[in-house]
Amino acid sequence: MKNNILISGAASGIGKAIYEALNKELYENIVLTDINPIEIDDSKVTAIKCDISKGDEIQSLFYQLKDKGISINQAVNAAGMPGPNKPLSASSVEEFDRVINVNLRGTFIMMKNELEQMELLGNGKIVNIASVLASCGMTGSSFYSASKAGIVALTKSLAIEYAQKNIQINCISPGGVDTGLISDLKKRMGGTEVLEQIHPVKRIATASEIAIYIKFILENDTTFMTGSELFVDGGYSAQ
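What this report covers is the structure whose coordinates are included nearby.

## Let's talk about the overall build of the protein chain
Of regular secondary structure, the protein chain possesses 7 helices and 7 strands. Each helix and strand of the protein chain, ordered N terminal to C terminal, gives the series β-α-β-β-α-β-α-β-α-β-α-α-α-β. Expected size for 239 residues packed as a compact globule is a radius of gyration near 18 Å; at 17 Å, the protein chain falls within 12% of this value. Seen through its C-alpha atoms, the protein chain measures out along the principal axes to roughly 50 × 35 × 35 Å. Evaluated residue by residue, the protein chain yields a buried proportion of 50% over its 239 residues. Considering only intrachain contacts with a sequence separation of at least 6, the fraction spanning at least 24 residues in the protein chain is 71%. In the form shown here, the protein chain has an accessible surface area of approximately 11,300 Å², with 53% of it arising from carbon and sulfur atoms.

Okay, here's the thing in structure tokens:
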């Protein structure tokens, strides 16, 4: 049976790398969504613009999929945003709310809709993108760390809730990944080299390296793996 997959945050970074890594032959429909427009010339691909911080846009996304007769049984929730990367004393509640609304609340609403479809289908896999900073703190990253820790908690609790419904929910916690999301962090830390040095492997990852692990979960018989947080962090969390 071919699968139908939804990838959020698919215009760039890890989300885009996941799409590029997929074995397209395994999928009947590939749904890509992002706050930015996506243009891909492939009959299997449906691209829909969506800001996941807005519940009505998520509802519109799933209404459109219903109209097209597409039921999702795989999902990668890769959409997210960085924190303001500054001390708490210089931060605002509005900035905190924005990060939480995108990273945590947005992922929750996406999962709620994804799980409704998967439960009806009787099978499903979800991979969420968290961060090593969900469990390892960093100065100036409190907003981001809190939002990603919430994603880990959602993953674990919902994995238990849906374990007997043939739905597996896992998350990936990357270390530093060379995407646009860490541009401000690079500036705050004085460049890429400093960020590389805090990882035992002395470099940061490419988005395609992270996509390899997500591809493995999605395309193989990994039905005994659920509720897991997989660290792909160049040894950062082992320090």
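## Examining the nonpolar core
Ranked by internal contacts, the top residues of the largest apolar core, which has 27 residues, are Ile7, Val76 and Ile214. Residue contacts for Val76: discarding those within four places in its chain leaves Ile5, Leu6, Ile7, Ser8, Ile18, Val127, Ile129, Ile214 and Leu218. Counting 26 residues, the second largest nonpolar core, distinct from the first, contains Leu61, Leu115, Leu154 and Ala159.

## A word on the pairing of strand E2 (residues 27–34)
The buried fraction of E2 is high, at 7 of 8 residues. In terms of strand pairing, strand E1 (residues 3–8) meets E2 through 6 bridges, oriented parallel. Across the sheet, Ser8 pairs through a bridge with Thr33, a residue of E2. Alignment of E2 against strand E3 (residues 45–49), held across 5 bridges, turns out to be parallel.

## A word on the environment of Ile35
Assignment of secondary structure puts Ile35 in the loop between E2 and E3. The sequence separation of Ile35 and Asp67 amounts to 32 residues, and the corresponding C-alpha distance is 21 Å. For Ile35, the residues in contact, after removing those within four places along its chain, are Lys49, Cys50 and Asp51.

## Topic: unusual backbone geometry
For Asn166, which is not a glycine, the phi torsion comes out positive at approximately 60 degrees. Mapping Asn166 onto the fold places it in the loop between helix H4 (142–161) and strand E6 (167–174). Asn166 gets classed as partly exposed once you look at its relative accessible area, which sits at 38%.

## Let's talk about the state of the cysteines
Tallied over the entire structure, the rule returns 0 disulfides. Looking at Cys136, it has no disulfide partner, and the nearest cysteine sulfur is the one in Cys171, 13 Å off. What makes Cys136 buried here is its relative accessible area of 18%.

## Thoughts on the packing of aromatic side chains
One pass over the full model with this rule turns up 1 aromatic pair. In this structure, Lys24 is placed above the aromatic ring of Tyr19, and the distance from its NZ or CZ to the ring centre is 4.5 Å. Over the face of the ring belonging to Tyr162 we find Lys165, whose NZ or CZ atom lies 4.9 Å from the ring centre.

Reading the values: rules and limits
- Residues numbered from 1 in each chain as written.
- Predicted model: local features only at pLDDT ≥ 70, side-chain atom pairs only at ≥ 80, totals over all residues.
- Heavy atoms only, no water.
- Helix = DSSP H or I, 4+ residues; strand = E, 2+ residues; numbered from the N terminus.
- Rg over C-alpha atoms; globule rule 2.2 N^0.38 Å.
- Buried < 20%, exposed > 50% of the residue type's maximum accessible area, 1.4 Å probe, protein only.
- Contact = heavy atoms within 4.5 Å.
- Areas by Shrake-Rupley, 256 points an atom, 1.4 Å probe, with all protein chains shown as cover.
- Core = buried A, V, L, I, M, F, W, Y, C linked by side-chain atoms within 4.5 Å.
- Pairing = 2+ DSSP bridges.
- Disulfide = S-S within 2.5 Å.
- Phe/Tyr/Trp six-rings, centres within 6.5 Å; stacked < 30°, edge-to-face > 60°.
- Lys NZ or Arg CZ within 6 Å of the ring centre and 35° of its normal.

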